[in-house]
Structures are given as structure tokens and as C-alpha cells.
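A look at the structure
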Amino acid sequence: MTRFRTASAAAAITIVPIFAAQAADHQVIMLNKDSEGRAMQFEPAFLKVAVGDTVTFIATDKTHNSESIAKALPAGATGWKGKINEEVSVTFEMEGFYAYKCLPHVGMGMVGLIQVGDAGAPDAAIAASVPGKGKIRMAELIAQAQGQ
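Here the structure is a predicted model, which is why all the values come from computation and not from measurement. (Residues numbered from 1 in each chain as written. Predicted model: local features only at pLDDT ≥ 70, side-chain atom pairs only at ≥ 80, totals over all residues. Heavy atoms only, no water.)

Brief notes about the confidence of the model for the protein
Any region with low pLDDT has predicted coordinates that should not be read closely. This is how it is decided: What pLDDT expresses is the predictor's confidence in each residue, scored from 0 to 100. Every residue pair with non-hydrogen atoms within 4.5 Å of one another is taken to be in contact.
This prediction gives the protein a mean pLDDT of 87; 85% of its residues lie at or above 70. Across residues 1-18, confidence stays below pLDDT 50; counting only partners more than four residues off in sequence or on other chains, it has zero contacts.

Quick look at the structure:
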């Protein structure tokens, strides 16, 4: 019986790191100009991740932050608000679509969209909660999410 318990304990210890290793850490950089020449952008601006994954927003260029758009989160999900010029990491525990922005540059189109899990199509109304060029950019990201 001791051998069985030891083997079971060893198996449990081995399995735990496998599950922990499945969660990934993705990076989104905050830029004054992205690789396509667009001013004030997140790159990538659309990202699909698994439940339990973490996204780290990296302040590559100054004067940017990342924060969730309150009206554009899954019901019951917790948002985030990073500080200007600081890296922020967010772990996504609920399936759905999460829209986010750079507060100083949202009107210039600095928005992003994260799909967590196999959520259905994003709600086109997400774009309605974003001002200026941010609304146009968010509509592009929603179309990208629908097309994959």
C-alpha cells in the first residue's frame, strides 16, 4: 500500500506542473507607431488566448497605458487599469471578449481586443463605447475576430 501512495503522490506532483505549464504569457506592446505605420497602437491589437493565460502589456514607448473598457467586458469579468508608462499583466479567467484602450490615445485609435477561449462572435456594440478613431479601429478588430 505504501508503494501505491508513493506512486500516486509522485504522479500528482508530476501532473501539477504540466497543468501550470499550459497557461501562456502573451505580450502586447504599446507603441507610438506600429509595424504597419499606424500612429498610437497596441501590437498585436487583436489577440486570442486561452482561459488562464496572462497578457502582459509592455510600455515600449512613453505616455501609454492599458486599461479595460468597462462596458466591453464579459458579464461578471474584472477589468484592469494600468498606470501610464508602466507594464501591467492581466490573467484572464473568464471566456469572452475584452476590449481595452490607452486612456490618453483612445480617440486616436489606440484600442485592442482580446478573445479568451472559444467565445462566439464579439458584440459589434463594443465599438459604440469607444470615441473618435478608436471606434473605427475597434470595428476593424471586431471584423478580424469574426473572420478567424
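More follows now that the structure is in view.
Focus: the nonpolar core
Here is the rule: Grouping buried Ala, Val, Leu, Ile, Met, Phe, Trp, Tyr and Cys residues that are joined through side-chain atoms within 4.5 Å yields what is termed a nonpolar core. Relative accessible area decides the class of each residue, using a 1.4 Å probe on protein chains only: under 20% of the type maximum gives buried, over 50% gives exposed, and in between gives partly exposed. The helix and strand labels rest on DSSP assignments: H or I over at least four residues marks a helix, E over at least two residues marks a strand, and numbering proceeds from the N terminus.
Formed by 21 residues in total, the largest nonpolar core has its most connected members in Phe42, Val55, Phe57, Trp80, Phe92, Tyr98 and Ile114. Looking at this core, the elements that each hand over two or more residues are strand S1 (25-33), strand S2 (39-43), strand S3 (46-49), strand S4 (54-58), strand S6 (88-91), strand S7 (96-101) and strand S8 (111-116). Ile114 has contacts with Leu47, Val49, Val55, Phe57, Phe92, Gly96, Phe97, Tyr98 and Tyr100, leaving out every residue within four places of it along the chain. Counting residues in each nonpolar core, the second largest holds 17 residues, with Ala72, Ile126, Ala127 and Ala145 among its members.

Observations regarding the sheet that holds S1
Two orientations exist for strands paired in a sheet by backbone hydrogen bonds: parallel and antiparallel. Applicable threshold: We call two strands paired when DSSP finds no fewer than two bridges between them. Interaxial angles span 0 to 180 degrees and are taken between N-to-C directions of axes, which are lines fitted to C-alpha atoms, for helices over the stretch in contact.
Spatially, four strands are ordered S2-S1-S4-S6 in an open sheet, and the strand pairing comes out mixed. With one partner strand each, in any of the chains shown, S2 and S6 form the two edges of the open sheet. Sheet twist, expressed as the average angle between the axes of neighbouring strands with direction ignored, equals 15°. Where S4 and S6 come together, four bridges link them in antiparallel fashion. Residue pairing in the sheet places Phe57 in a bridge with Val88 of S6.

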